[in-house]
Amino acid sequence: MSAGGDHAVNGRWEHFPHDADIGVRGYGATPGEAFEQAALAMMAAILDPATVRREQTIDIAIEAPRLDLLLVDWLNALIYEMAERRMLFGAFEVKIEDHHLNGRALGEAISRARHAPAVEAKGATYTELACVEERPGLWRAQCVIDV
Amino acid sequence: MDLSRFEKISETAWRVAPFGGMRAPAIVYASEDLMKDMDDKVFDQVTNVAKLPGIVRASYAMPDAHWGYGFPIGGVAAFDADEGGVVSAGGVGFDVSCGVRTHLTHLTRGQVVSVQQELADALFEHVPAGVGSEGEIALDEQGLNAMLLGGAQWAIEQGFGRAEDLDRIEESGCASDADPAAVSEHARKRQRREMGTLGSGNHYLEVQEVVEIFDEKTAAAYGLVKGECVVTIHCGSRGLGHQIGTEYLREMVISAQNYGIDLPDRELACAPIKSELGRQYLGAMRSAINCALANREIIGHLARQVFARFFEHGELPLMFDVSHNTCKVERHAIDGETRQLFVHRKGATRAFGPGHESLPEALRPYGQPVLIGGSMGAGSYVLAGMETSERQAFASACHGAGRRMSRHAATRAWGGRQVVDDLRAQGIIVKSPSLRGVAEEAPGAYKDVRAVVDSAEAAGLARKVAFLKPLICVKG
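Conventions used here
Residues numbered from 1 in each chain as written. Chains lettered and ligands numbered in written order. Predicted model: local features only at pLDDT ≥ 70, side-chain atom pairs only at ≥ 80, totals over all residues. Helix = DSSP H or I, 4+ residues; strand = E, 2+ residues; numbered from the N terminus. Rg over C-alpha atoms; globule rule 2.2 N^0.38 Å. Buried ≥ 20, exposed ≤ 12 C-beta atoms within 10 Å, placed from the backbone. Contact = placed C-beta atoms within 7 Å. Nonpolar A, V, L, I, M, F, W, Y, C, P; charged D, E, K, R; others polar. Pairing = 2+ DSSP bridges. Axes fitted to C-alpha atoms, helices over the stretch in contact; angles between N-to-C directions. Parallel < 35°, antiparallel > 145°, perpendicular 65-115°, else oblique. Expected span 1.5 Å × (residues − 1).

Undergrad: Now, about the overall build of chain B: what can you tell me, with residues and values included?
TA: Helices and strands together make up the secondary structure of chain B, namely 16 helices and 19 strands. What you see for chain B is a C-alpha radius of gyration of 21 Å, in line with the 23 Å of a compact globule of 476 residues. When burial is assessed residue by residue, chain B has 63% of its 476 residues classed as buried. Expressed as a percentage of contacts within chain B between residues at least 6 apart in sequence, the contacts between residues at least 24 apart total 77%.

Undergrad: So, the interface of chain B and chain A: which residues are in play, and what are the values?
TA: Counting residues at the interface gives 36 residues for chain B, matched by 28 residues for chain A. For the side of chain B that touches chain A, the elements supplying multiple residues, two or more each, are strand 4 (55-69), helix 8 (185-191), helix 10 (238-255), helix 13 (407-413) and helix 15 (435-440) of chain B. With 7 residues, helix 10 of chain B is the single largest residue contributor to the side of chain B that touches chain A. In terms of residue class, the side of chain B that touches chain A is built from 10 nonpolar, 16 polar and 10 charged.

Undergrad: Requested: an account of the pairing of strand 9 (residues 138-146) of chain A, with residues and values cited.
TA: Regular strands place their side chains on alternate faces of the sheet. Residue and element names in this part refer to chain A. Of all 9 residues in strand 9, 7 are buried, a share of seventy percent or more. Judged from the 7 bridges that link them, strand 3 (residues 22-28) and strand 9 form a sheet pairing that is antiparallel. What sits directly across from arginine 25, in strand 9, is glutamine 142. Alignment of strand 7 (residues 123-124) against strand 9, held across 2 bridges, turns out to be antiparallel. What sits directly across from alanine 124, in strand 9, is isoleucine 145. Pairing analysis gives 5 bridges linking strand 8 (residues 130-135) to strand 9, with the strands arranged antiparallel. Each residue of the ladder has a partner; that of arginine 135, found in strand 9, is leucine 138. Hairpin connection of strand 8 to strand 9: 2 residues between the antiparallel strands, including glycine 137 at a positive phi of 85°.

Undergrad: Please set out the packing of helix 6 (residues 141-150) of chain B against helix 11 (residues 276-310) of chain B residue by residue, giving values where relevant.
TA: All names here are of chain B. Remark: helix 6 packs on helix 11, axes separated minimally by 6 Å, with the N-to-C direction vectors making an angle of 95°. Classified by the interaxial angle, the pair formed by helix 6 and helix 11 is roughly perpendicular. Across the interface between the two elements, Met147, Leu148, Leu149 and Gly150 from helix 6 touch Ser287, Asn290, Cys291 and Ala294 from helix 11. Its residues assigned to classes, the contact of helix 6 with helix 11 shows 5 nonpolar, 3 polar and no charged.

Undergrad: Before we move on, can you summarise helix 10 of chain B with the specific residues and values?
TA: The α-helix advances 3.6 residues per turn, and as a result positions three or four apart in sequence lie on the same side. The terminal C-alpha atoms of helix 10 of chain B, which comprises 18 residues, lie 26 Å apart, in line with the 26 Å expected from a rise of 1.5 Å per residue. Of all 18 residues in helix 10 of chain B, 15 are buried, a share of seventy percent or more.

Undergrad: So what's going on with the sheet that holds strand 5 (residues 87-97) of chain A? Which residues, and what values?
TA: Residue and element names in this part refer to chain A. On the basis of which strands lie adjacent, the open sheet formed by 3 strands has the order 4-6-5 and antiparallel pairing. Edge positions in the open sheet fall to strand 4 (56-63) and strand 5, since each of these has one partner strand only. For this sheet the average axis-to-axis angle between neighbouring strands, irrespective of direction, equals 20°. Bridging between strand 4 and strand 6 (residues 100-109) involves 8 bridges; their strand directions are antiparallel. Residue isoleucine 60 lies in a different strand from strand 6, and its bridge partner there is glycine 103.

This is the structure in structure tokens:
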């Protein structure tokens, strides 16, 4: 499963298989774009992100000692915000500087009838975790999500 | 999996001698067919666990083992605190104390089928299921702390259950030494509206018919009668457990080096049992166990309320409640010496054999009930701990069928509506807020649960008592 990103030239996401759960992978021209796409891939494990209206904006600021750990923290921050605010997200903006992330998630309150979410993301894991520059101008960010 | 890497000990036991930093051997219990079907990642993971400090005897994998996080799902390992042993947040997992309970109904199949649709509708309406569902119970800070300390005992004190249930729950419904102070503000907030909710994914509430009895005496002691129905609930510690898993896993990943622990896989993140972080995690994890025990007790109570609307004697006595994702302090005999060990079971069930002191008197001669969830179509099994369970894998057994197909592959293979219609044609009513969720949990996406329990029995982990087929399945 894959889809084009919203604004990234190289931006796209895909799922990769895991026995019990689901792997999410985002590509982008920068780590930030790859993080945006990985977040979309996580949402696509739950529902079609295109069905989520962008009615509310949630700002997220986090930091981690390494880029790959930052990816897990970013996805876990989104999982927490979704659970605590009873929201779903459909679009993301991420800026990363020196392992500090400033992100924005756009979405709306869960409508169980309209969204019919398939699964709940329990947590982003360190399994198959990677954040690497595959070639100049193409970053790949991925991990497995426990659902 | 490549079997050439194992030494075959018996038809259902396969050993890997220590190599490359392993402190103990790895042993997988499964038939040759199940072994061949297992992902190679199980080999990597079960041998990686054997590299952790303080591991005792061996790293084990159950017949339903599959690729997990750090530990394989179906992984069992015990650690000795006095030998530098560790507690691993990865070895417990995100859904702390996810587990299964079965209530007896003493209703016949005919009685249930006569109201099957109405009962399915009422259960679906009354038991919050699926992403975004909310429970009726709002807890303030004091109430939350009491729940984290009291588990099912707390739920019963609040009127959500019966005192006699406690006898039928591991540790009498309450994990001791829980430490609510080790539970973060985020974990608390995430649980605020989630008490008494089923969750999603592979969590379910089923009304099942006992269709086959393998062991008459044990089935009678458990209260299982062929042709009668039971209610089985599968769920865990909800958002609180997920958040505790997330936070402590991160802290253990970052701190491992400080403790001199060389992690073969970051997901095996752990801390010495005798460290401040280890103690904090144990306190938080036990709080999450109590949250799961309280949650299942409340959902059992909700099921009782629904059955009471339909049937005069809808008491639903609890047969047993087991937890799958835990680290528990237990006493085990090692080379003739009884030692206190920290036993991690990740997607594995405790399976104490006959005579174990922790079992209630009525069940003690027969061994602990082991509840094995199958898929919506294939059915489930009740097993019993065996005399041999203890020496095989610290009295542990399998926990389910295990997936054979990814969620994505399942949605490509089946549509949710098709799965619902196919199951209805077999007399099974499925209720779920998400058809895609149903497709991901399609019976064909799971391995053959019979092969798993046959292997468990042949390996001396747990013996078959009864087979259950669903009549109603409420999926999250």
